[in-house]
Amino acid sequence: MDKNFQEAFTQIIKFQPPLYKQRYQFVKDLVEKYKPKKVADLGCADCSLLWMLKFCSCIEVLAGLDICANVMKEKMHTLSPLPVDYLQPSERSLTVTLHHGSVAHKDPCMLGFDLVTCIELIEHLEESELKKFPEVVFGFMAPSIVVISTPNSEFNPLLPRVMLYRHPDHKFEWSQAQFQSWALETARCYNYSVEFTGVGQPPAGMEKVGFCTQIGVFVRKYPQTAESVQSEKPTEAVYKTVFKAVYPSLKDEKYLQNAVISEVIFTAQIIKHRLMSKHKEYSDDPERKSKFQPSTDCFSDHLGKLVVEKNMEPFVSGNEVYIPLTTIFSFPKVNRLCGTFEKLCKLIAGKVTLSSDGSAVMFNIEHENEEN
């Protein structure tokens, strides 16, 4: 629903944070607790909740569904990757999709979700749609967890500007008893348990009124079987996809390769800089120069501590500086990105200048010497 429209009614009783933010935070807290990988928001409207959830590191698939395509299209650009997402790809994959359609219809694109949220949705449904809603969400989609929030009509007398319903598009608003009766029956029919809570505390001394927004958290009792999913699966899609964004991820080989190459060059440049600084100190003393061996204290502390072995030591030969790949691989970030030394070699092959035997990153410092 339009959160600005609703907040206009609650200016006498001020909720801090605003009520819609409390609802979103409730969902976010639930995500942090259960760590779902796939989340769908039914009645996503302006995509505000989806935008908030895209920053949750556990989520790999986000989907939104709304009956009004124009409302989604106004803000769907907020779900697109930013330039920084390409410059610094995440280690997780993330796909965000928006669909235009009704929650009274079944579509195979909404199968396989761990968590489904229905925030201020059901009160907008016509009676015929509300009858179909449980079968679509709990019977067909059958996620592990369903969160449903809806206005508590018993709170309405505390909102002076509310005459009948809080929003002109609401078809009904339930009391606590009505919502709980519907939720308990729905849970019983589809093998879910349900717990009741809410957001928007009533004033002191009026606790019996309950929360301004009442919430039911449904948890599926038994795993859904593949047979039951297949038997209910429609033969064709009924929703229209209006938006899809696939975020760059280090799980994608091309983004991983770019990240590894950048980190290898950066690490090698740092080592080279420290090596050359140390080398210069010894260059005026032939005896000390012949004994020169770089040590770990010439490397930046923030890049990690190295246990330098003889076969891992960088060295200078004429106008060439050699940084062994074994040295570079021992740095934590490079190690984490590649996983194995073989993977490192594969990803940088042909992309970074290496020694003839391929064992070290090589820099030509002839021009640097001329400038100095």
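The name given to the protein in an unreviewed UniProt entry is Small RNA 2'-O-methyltransferase, with the source organism recorded as Leiothrix lutea. Quoted verbatim from the Sequence similarities (unreviewed entry) heading of the UniProt record, the comment on the protein is "Belongs to the methyltransferase superfamily. HEN1 family."

(A) Highlighting the sheet that holds strand β11 (residues 360-364). Spatial strand order, β9-β10-β11: three strands in an open sheet with antiparallel pairing. Two strands close off the open sheet at either side, each with one partner strand: β9 (315-317) and β11. Taken pair by pair, the neighbouring strands of this sheet meet at an average axis angle of 25°, ignoring direction. Relative to strand β10 (residues 320-324), β9 is paired through three bridges, and the arrangement is antiparallel. In the strand pairing of β10, phenylalanine 315 is matched with tyrosine 322.

(B) A look at helix α7 (residues 176-189). The end-to-end C-alpha separation of α7 is 20 Å, in line with the 20 Å expected for 14 residues at 1.5 Å each. Considering only its buried residues, α7 is in contact with α6 (127-141), β5 (145-151), β6 (192-199) and β7 (213-220). Taken from the residues just after α7, asparagine 191 is the one with a positive phi, measuring 60°.

(C) Just the pairing of strand β4 (residues 115-119), in detail. Counting buried residues along β4, five of its five residues qualify, which places the element largely inside the surrounding structure. Note that β4 and β5 share five bridges and pair parallel. In the strand pairing of β5, valine 116 is matched with valine 146. What joins β4 to β5 is α6, and the crossover it makes is right-handed.

(D) Geometry of the pattern of salt bridges. Counted under the stated rule, the structure contains nine salt bridges. Of the charged contacts, one joins lysine 131 and glutamate 127 as a salt bridge, the two residues approaching to 3.9 Å between their closest N and O atoms. With lysine 131 and glutamate 127 both in helix α6, this residue pair falls four residues apart, about one helical turn. Residue lysine 333 pairs with glutamate 263 through a salt bridge whose shortest N-O separation is 3.6 Å. Residue lysine 333 is found in helix α12 (residues 332-338), and its partner glutamate 263 is found in helix α9 (residues 253-282); the two are separated by 70 residues along the sequence.

(E) How the structure looks around helix α13 (residues 341-348). Inspection of α13 places Leu344, Leu347 and Ile348 among the buried residues, and these make up the whole buried set. Viewed along the axis of α13, the buried residues span an arc of 85°, placing them on a single side of the element. Exposed side chains of α13 directed beyond 90 degrees from the buried face belong to Glu342 and Lys346. Once α13 ends, the next one or two residues include glycine 350, with phi positive near 80°.

(F) Quick look at the nonpolar core. In this structure, Val31, Leu53, Ile59, Leu98, Val147, Phe155 and Phe243 are the most contacted members of the largest nonpolar core, which totals 43 residues. Elements represented by at least two residues in this core include exactly α2 (19-34), α3 (48-53), β3 (95-100), β4, β5, β7 and β8 (240-246). Per element, the largest residue contribution to this core is seven residues, and it comes from α2. The residues touching leucine 53, leaving out its near neighbours within four places in the chain, are Val27, Lys28, Val31, Val39, Ile59 and Leu62. Listed in part, the 32 residues of the second largest apolar core include Met110, Phe133, Phe138 and Phe218.

Here is what the cut-offs are and how they apply
- Residues numbered from 1 in each chain as written.
- Predicted model: local features only at pLDDT ≥ 70, side-chain atom pairs only at ≥ 80, totals over all residues.
- Heavy atoms only, no water.
- UniProt positions renumbered as here; feature names shortened; annotations may be inferred.
- Pairing = 2+ DSSP bridges.
- Helix = DSSP H or I, 4+ residues; strand = E, 2+ residues; numbered from the N terminus.
- Axes fitted to C-alpha atoms, helices over the stretch in contact; angles between N-to-C directions.
- Expected span 1.5 Å × (residues − 1).
- Contact = heavy atoms within 4.5 Å.
- Buried < 20%, exposed > 50% of the residue type's maximum accessible area, 1.4 Å probe, protein only.
- Right-handed = clockwise from strand over helix to strand, strands pointing away.
- Salt bridge = Lys/Arg side-chain N within 4 Å of Asp/Glu carboxyl O.
- Arc of directions from axis to C-beta.
- Core = buried A, V, L, I, M, F, W, Y, C linked by side-chain atoms within 4.5 Å.

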